[in-house]
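Summary of structural features
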Amino acid sequence: VDAFQAWCGPCKTVVDLFRKMRNEVGRDLLHFALAEVDSIDALEEYRGKCEPVFLFYAGGQLVAVVRGANAPLLQKTILEQL
């Protein structure tokens, strides 16, 4: 989940990375979502930050968090979680 704020918007570069990885590993294994933290109370703790935050869930549980648009770290985290 790309957790972003309305004034900043989702990270377009990382959205492209996720789409590419999803095509490589398969649509059944990797799902990507955008979440505007200003409108979701459960994501309130991520408000007021100027860096992108990426939340990784498996089985409905938060399993990893990556702060910042670090493509190599994001890719590594995705592969580790799969």
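One can find the structure itself at the top, above this paragraph.
Since the structure is predicted, the reported quantities are computational estimates derived from the model, not experimental observations.

**Considering helix α2 (residues 71-81)**
Among the residues of α2, those classed as buried are L74, T77 and I78. Down the axis of α2, the buried side of the element spans an arc of 100°, and every buried residue falls inside it. In α2, the exposed residues that point more than 90 degrees away from the buried face are P72, K76 and E80. In the core, the buried residues of α2 are packed alongside α1 (12-25), β3 (53-58) and β4 (61-67). Taking the backbone nitrogen of L73 as reference, a side-chain oxygen 3.1 Å away marks N70 as the first, capping residue of α2.

**So, the side chain of D2**
Note that D2 resides in strand β1 (residues 2-4). If we skip the residues at most four places from it in the chain, D2 touches P10, C11, V15, F32, A33, L34, A35, V53 and F54.

**Notes on the environment of Q81**
Examined against the element boundaries, Q81 turns out to sit in helix α2. Sequence separation of Q81 and L30 is 51 residues, and the distance between their C-alpha atoms is 9.9 Å. Residues in contact with Q81, not counting those within four places in the same chain, are V63 and A64.

**Some details on the sheet that holds β4**
Taken in spatial order, the four strands make up an open sheet running β2-β1-β3-β4, and their pairing is mixed. Two strands lie at the open edges of the sheet, namely β2 (34-36) and β4, each paired on one side alone. This sheet shows a mean twist of 30° between the axes of neighbouring strands, independent of strand direction. Where β1 lies against β2, three bridges are found, and the strand directions are parallel. Bridge assignment links F4 to a residue of β2, and that residue is E36. Along the sheet, α2 makes contact with β3 and β4, crossing β4 at roughly 165°.

**Notes on the pairing of β3**
Pairing between β1 and β3: two bridges, direction antiparallel. Residue pairing across strands places A3 opposite V53, the latter belonging to β3. Direction of pairing for β3 relative to β4: antiparallel, over a ladder of six bridges. Counted as the bridge partner of F56 is A64 from β4. Counting the residues between successive antiparallel strands, the hairpin from β3 to β4 contains two residues, one of them, G59, with a positive phi of roughly 60°.

Cut-off values and rules
- Each chain has its residues counted from 1, following the order in which its sequence is written.
- Reporting in this predicted model follows two pLDDT cut-offs: at least 70 for local features of residues, and 80 or more for side-chain atom pairs to be given and counted; totals over whole chains, interfaces and linings ignore these cut-offs and use all residues.
- To obtain the side-chain values, all non-hydrogen atoms of the structure were used and water was disregarded.
- The buried label goes to any residue with under 20% of its type's maximum accessible area, the exposed label to any with over 50%, and the partly exposed label to all in between, with areas taken from a 1.4 Å probe on protein chains only.
- Strands are runs of DSSP state E lasting at least 2 residues, helices are runs of H or I lasting at least 4, and numbering of each runs from the N terminus.
- Our arc is simply the arc of the directions from the helix axis toward the C-beta atoms.
- A contact between two residues is defined here by any heavy atoms of the two lying within 4.5 Å.
- Here a polar contact means two N or O atoms within 3.5 Å. Within protein one must be a hydrogen donor candidate and the other an acceptor candidate, and residues neighboring in sequence count only if both atoms are side-chain atoms.
- Strands are labelled as partners when DSSP assigns at least two bridges between them.
- Here the axes come from fitting lines to C-alpha atoms, over the contacting stretch only for helices, and the angles between their N-to-C directions go from 0 to 180 degrees.

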